[in-house]
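The primary structure of each chain is shown beneath.
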Amino acid sequence: MNVNLKKTGKSTPLSVATDPRWTRVLARDKRADGEFWYSVATTGVYCRPSCPSRTANPRNVQLHDTLESAKATGFRPCLRCNPDGLSIEAGNAALVVKACRLVEQREEEPSLEELADAVCLSPGYFHRMFKAATGLTPKGYAAAYRARKVRENLVSGNSVTEAIYDAGFNSSGRFYEKSTGMLGMTPSQYRAGGANEEIKFAIGQTFLGAILVASSTKGVAAILLGDDAETLLRDLQDRFPSARLIGADQDYEAIVARVVGFVEAPELGLDLPLDVRGTAFQQRVWQALQEIPVGEIVTYAELAQRIGSCKSVRAVAGACAANKLAVAIPCHRVIRTDGSASGYAWGVERKRALLDREARARRYKECP
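Residues numbered from 1 in each chain as written. Predicted model: local features only at pLDDT ≥ 70, side-chain atom pairs only at ≥ 80, totals over all residues. Heavy atoms only, no water.

Among the residues of helix 15 (residues 313–322), Val316, Ala319 and Cys320 are the ones counted as buried. Down the axis of helix 15, the buried side of the element spans an arc of 100°, and every buried residue falls inside it. Facing away from the buried surface of helix 15 by more than 90 degrees, the exposed residues are Arg314 and Ala321. Residues of helix 15 that are buried in the fold lie against helix 13 (280–290), helix 14 (300–306) and strand 12 (334–335). (Buried < 20%, exposed > 50% of the residue type's maximum accessible area, 1.4 Å probe, protein only. Helix = DSSP H or I, 4+ residues; strand = E, 2+ residues; numbered from the N terminus. Arc of directions from axis to C-beta. Contact = heavy atoms within 4.5 Å.)

Dropping the structure here:
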């Protein structure tokens, strides 16, 4: 009879294959790390559940409720998964944190080689590890950190010059080259909370209901969907609280008409400049969204893979939710792994309606 020896933290060889913990070992479940360990008689090692080593025959395995029980076998700790200390993933995360702190503490942006040397890794491996953990390259993280620091300094009342140099820019020229993309407006306007920025807007109707289109001098800054014009206008005011909103512009109605036409027939494309404001990571996600063809869908996990950040599925979903350019940045083309169309800022029913219309348009295009 198979017996689980709870007191010793061991299980008989015959019981391992049917123990639910063994299923977690087969799945290399990282969430099981720290809950139990296992040892392998043929190799003389003990491991954590997520160990990437070749799967052992369960007849040669013992499961242990405690690390002490695993050590009591007299076997050595596995060199691949380091069961006595931090997991490889946790160890890498600690190195990434160390590199991030180094970026934040340096006045000037450190090179990739300097960062890799600080954590005792090769530049190539460090670059891949950093991007997998944060969704950004080390250079991208440094740029995003400096942009955040500029924004914080401008809001706190520092002068533009102080904000520039405190964020690590060694010349005002280099900063002003990137300032509009970084802030979405001039530094002086950002410091004043976006005051005096002009946002033109107009409201129209589509098969999805009401639509509000708003533009800055740079391009279309918002496309909002909703049930009524009043709610959309309040949403616009919340998104641009200090800007001067200008409505009822007859010339701007033509822009809205083009956007409405695009919503009705997305396969025609939208040939208008966009004013895309977001973090470096968000902009990477939004760029990838714009590359999804009409009539196609991807999962959040697939989108994370496309931007080279497989472990950032939640962050990718957050970037989709933060999108304020409905349809132009087609976050509606992203679904959950189970195929459900949940998670859309303007309502799941609108998301389904958009996907159905695009699928029909694609089928019609493909018909001989």
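On we go.
The next subject is unusual backbone geometry. Despite not being glycine, Arg28 has its phi angle at roughly 50°, a positive value. Within the secondary structure, Arg28 is located in the loop between helix 2 (20–26) and strand 3 (37–40). Assessed through its relative accessible area of 31%, Arg28 is described here as partly exposed.

Attention now moves to the environment of Ile223. The topology assignment puts Ile223 in strand 9 (residues 220–226). In this structure, the C-alpha to C-alpha distance between Ile223 and Ile211, residues 12 residues apart in sequence, is 7.0 Å. Not counting residues within four places of it along the chain, the set of residues in contact with Ile223 comprises Ile211, Leu212, Val259, Lys324, Leu325, Ala326, Ala328 and Trp346.

Turning our attention to the sheet that holds strand 6 (residues 76–77). The strand order 5-3-4-6 describes an open sheet built from four strands, whose pairing is mixed. Looking at the sheet topology across the chains shown, the edges are occupied by strand 5 (61–64) and strand 6. (Pairing = 2+ DSSP bridges.)

Moving on, we come to the packing of helix 4 (residues 88–105) against helix 6 (residues 123–134). Packed helices, taken two at a time, are described by the angle their axes make and the gap between the axes. Across the interface, helix 4 lies against helix 6 with an axial gap of 10 Å and an inter-helix angle of 95°. On the basis of their axis angle, the class for helix 4 and helix 6 is roughly perpendicular. Of the residues in helix 6, those in contact with Asn92, Leu95, Val96, Ala99 and Cys100 of helix 4 are Tyr125, Phe126, Met129, Phe130, Ala133 and Thr134. In terms of residue class, the contact of helix 4 with helix 6 is made up of nine nonpolar, two polar and no charged. (Axes fitted to C-alpha atoms, helices over the stretch in contact; angles between N-to-C directions. Parallel < 35°, antiparallel > 145°, perpendicular 65-115°, else oblique. Nonpolar A, V, L, I, M, F, W, Y, C, P; charged D, E, K, R; others polar.)

What follows is about the nonpolar core. Counting 64 residues, the largest nonpolar core has Val285, Leu289, Leu303, Val316 and Cys320 as the members making the most contacts within it. The leading source of residues in this core is strand 9, at six residues. If sequence neighbours within four positions are ignored, Val285 has contacts with Leu303, Ile307, Val316, Ala319 and Cys320. Val16, Val25, Ala56 and Leu63 belong to the second largest nonpolar core, which has 15 residues in total. (Core = buried A, V, L, I, M, F, W, Y, C linked by side-chain atoms within 4.5 Å.)

Okay, the environment of Val220 next. Counting through the fold element by element, Val220 comes out in strand 9. For Val220, a relative accessible area of 2% puts it in the buried group. Distance in space between the C-alpha atoms of Val220 and Pro273 is 6.3 Å, their sequence separation being 53 residues. Sequence-distant contacts of Val220, defined by excluding residues within four places in its chain, comprise Val213, Ala214, Ser215, Leu272, Pro273, Leu274, Asp275 and Leu325.

What follows covers the pattern of salt bridges. Scanning the model with the defined rule gives 15 salt bridges in all. As a salt-bridge pair, Arg24 and Asp29 come within 3.2 Å of each other at their nearest N and O atoms. With a relative accessible area of 26%, Arg24 lands in the partly exposed category. As a salt-bridge pair, Glu349 and Arg352 come within 2.7 Å of each other at their nearest N and O atoms. With Glu349 and Arg352 both in helix 16 (residues 348–366) and three residues apart, the pair spans about one turn of that helix. Judged by relative accessible area, which is 39%, Arg352 ranks as partly exposed. A network of salt bridges, in which partner residues are shared, links Arg24, Asp29, Arg31 and Glu35. (Salt bridge = Lys/Arg side-chain N within 4 Å of Asp/Glu carboxyl O.)

Attention now moves to the packing of aromatic side chains. All told, the structure shown has four aromatic pairs when counted by the stated rule. Centre to centre, the rings of Tyr344 and Trp346 are 5.4 Å apart; their planes meet at 70°, and the pair counts as edge-to-face. Accessibility classification places Tyr344 together with Trp346 in one group, the buried group. By way of ring pairs, the aromatic residues Phe126, Phe130 and Tyr141 are connected into one cluster. Its guanidinium or amino end placed over the ring of Phe207, Arg357 lies 3.8 Å from that ring's centre, counting from NZ or CZ. (Phe/Tyr/Trp six-rings, centres within 6.5 Å; stacked < 30°, edge-to-face > 60°. Lys NZ or Arg CZ within 6 Å of the ring centre and 35° of its normal.)

Reading across from one edge, 9-8-7-10 is the order of the four strands in this open sheet, with mixed pairing throughout. Among the strands making up the open sheet, the edge pair consists of strand 9 and strand 10 (244–246). Strand-to-strand twist in this sheet, taken as the mean axis angle between neighbours without regard to direction, amounts to 25°. With six bridges joining them, strand 8 (residues 209–215) and strand 9 adopt antiparallel strand pairing. In the sheet register, Leu212 faces strand 9, and the bridge partner there is Leu224. Running over the sheet, helix 12 (residues 253–264) touches strand 7 (198–206), strand 8 and strand 9 and is turned about 45° from strand 7.

At a minimum axis distance of 9 Å, the contact between helix 13 and helix 15 shows a crossing angle of 80°. By the criterion of interaxial angle, the relationship of helix 13 to helix 15 is roughly perpendicular. For the pair helix 13 and helix 15, contact is made by Phe281, Gln282, Val285, Trp286 and Leu289 and by Ala315, Val316, Ala319, Cys320 and Ala322, respectively.

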